[in-house]
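Tertiary structure, described
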Amino acid sequence: MKPYRKWLLVVLLAWLLFFLSLLCHFLDLRSSSLPRSRSAAEPGLTRTETRRLASVHGGTKAASWSLRPAGVSEKDWRRRRTDYRSRSKDYYRSRSLEILQRLWSGNLTAGMLSPRLQKVMKVQLSSNRHQVVYRGPSGSRKSSLQLYCELKKRTRIRTVDGTEEPFSGLGWDRLVPSLPLQDLRMSQYQSCAVVTSAGAVLNSSLGREIDSHDAVLRFNTAPTEGFERDVGTKTTIRIINSQIVARPKHQFNSSSLYQNVTLLVWDPAQYSSNLTQWFQKPDFDLFSAYVERRRLRPEQLFYILHPEFIWSLWDLIQDNTEDHIQPNPPSSGFTGILLMMSLCREVSVYEFIPSVRRTDLCHYYERFHDDACTLGAYHPLLYEKLLIQRINQGHQDQLRRKGKVTLRGFRTVQCGS
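The following refers to the structure shown. (Residues numbered from 1 in each chain as written. Predicted model: local features only at pLDDT ≥ 70, side-chain atom pairs only at ≥ 80, totals over all residues. Heavy atoms only, no water.)

Overview of the packing of aromatic side chains
Overall, the coordinates contain 16 aromatic pairs when judged by the stated rule. Here W278 and F287 contribute two aromatic rings whose centre-to-centre distance is 5.0 Å and whose plane-to-plane angle is 75°, an arrangement assigned as edge-to-face. Like W278, the residue F287 is buried in the burial classification. Among the aromatic residues, those joined into a cluster by ring pairs are F167, W172, F252, Y258, W278, F279, F287, Y290 and F302. Over the ring of F352 we find K385, and its NZ or CZ is 4.3 Å from the ring centre. Over the ring of Y148 we find R408; its NZ or CZ atom is 5.0 Å from the centre of that ring. (Phe/Tyr/Trp six-rings, centres within 6.5 Å; stacked < 30°, edge-to-face > 60°. Buried < 20%, exposed > 50% of the residue type's maximum accessible area, 1.4 Å probe, protein only. Lys NZ or Arg CZ within 6 Å of the ring centre and 35° of its normal.)

Structure, rendered in structure tokens:
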């Protein structure tokens, strides 16, 4: 190759390298000037913020709105994004109100829920971790009185009484309270309140009304201290799941939440398992904690719900629902409502069916957000709420403003033979 051609190639290569370096520099500058979207990998982004970002904007939309098109000023781009977010919030707010109104009227179906909740419910249906085998009739529409009478007939409170194996062989007949739970329906239990742990209870100012009842039922770790104005101070019965007694973080033996009240604990056995199988493999070890508590505080009324009673409530819901419900135990809320209907002449239930204050805040005492807490994922909550709405004796205005359902106790319901 001739010398001048070599020099020409060197010059061309030099210009090419110079051009590539300028191009890289230009791209770096452009990238640094673009507004960055906050991602889950960035410090300080909470689980809730991540979920909201994904649900409001949705994957590709979030990515597209984080890039400002060429020729659009930063100010104009911010205005467009603000308008878009405002319209999105308005849409989901109106959608939430539509769901509420359908729930209040009893016309909400699973197909009207968000795609995410529908997917979660389908996963629960297919997993069937409790091996539920349902052979009952498909749901039929009953009148309010017919439904009351069916509930009255089929709701037979049952607790572990120590007379069945393996408990009889362990001497539990002397360990459990001598007063059966179903005999607590004394004359003072005329009016009772069931206070759910829903986030919608916040800013309700219902505390004084709740405390005016003869007995008040609460759930799990729901506190009253610091929330008296909204939830009241009185607690008569507390329903807890087996995690509460088994996990040290709940401080079951020392916390004041579980003292000076009647306690009722439950654990989800398999649908068709017998008591021995359940005793050998509970979801959480509630039995050791129960024995210890009864020996330390024999004067405190403390009961274990019989798993057959829990699953009888599930059968009852499915019998009165056309859809296939999640094959998981009913919620503590639904169990508590039917318990108090068995013990009291009248029952006021707060925020089981949400009021206009409905929120995706799961519990009023902790900062965790998820719509599934209201409409159901694991528990068949949607169907429980629709069932309770069908027997609601209260005014619709009370439901909308207070989230209050009024129910007759079973002893006041007159049914034919």
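What to know about the environment of V291
Topologically, V291 is positioned in helix α11 (residues 286-296). With a relative accessible area of 18%, V291 lands in the buried category. Taking the C-alpha atoms as reference, V291 lies 9.0 Å from V176; in sequence the two are 115 residues apart. Sequence-distant contacts of V291, defined by excluding residues within four places in its chain, comprise W172 and L175. (Helix = DSSP H or I, 4+ residues; strand = E, 2+ residues; numbered from the N terminus. Contact = heavy atoms within 4.5 Å.)

Quick notes on helix α12 (residues 307-319)
Between the first and last C-alpha of α12 there are 18 Å, a value that for 13 residues agrees with the 18 Å anticipated at 1.5 Å per step. Of all the 13 residues making up α12, eleven are buried; the element is thus mostly covered by neighbouring parts of the structure. Buried residues of α12: P307, F309, I310, W311, L313, W314, D315, L316, I317, Q318 and D319, and no others. Contact partners of the buried residues in α12: α6 (144-154), β4 (262-266), α10 (275-280), α13 (332-343) and α15 (381-390). (Expected span 1.5 Å × (residues − 1).)

With respect to the sheet that holds β4
On the basis of which strands lie adjacent, the open sheet formed by seven strands has the order β5-β4-β3-β2-β1-β6-β7 and mixed pairing. One side of each edge strand has no neighbouring strand; the edge strands of this open sheet are β5 (302-304) and β7 (404-408). On average, each strand axis in the sheet is inclined to that of its neighbour by 20°, with strand direction left out of account. Inspection of the sheet shows strand β6 (residues 346-350) paired to β7 by five bridges, in the antiparallel sense. Its bridge partner lying in β7, Y350 is registered against K404. Lying on the sheet, α11 is in contact with β4 and β5; it crosses β5 at an angle near 155°. (Pairing = 2+ DSSP bridges. Axes fitted to C-alpha atoms, helices over the stretch in contact; angles between N-to-C directions.)

Here's the deal with the environment of D230
Here D230 lies in helix α8 (residues 228-231). A relative accessible area of 9% means that D230 is categorised as buried. Along the backbone, D230 and Y364 are 134 residues apart, and their C-alpha atoms lie at a distance of 9.7 Å. When neighbours within four sequence positions are excluded, D230 is seen to be in contact with V201, L202, N203, S204, S205, L206, G207 and I210.

Some points on the environment of G333
Here G333 lies in helix α13. Considering only alpha carbons, one finds G333 and L381, 48 residues apart in sequence, at a separation of 9.0 Å. Other than its neighbours up to four places away in sequence, G333 contacts F219 and F352.

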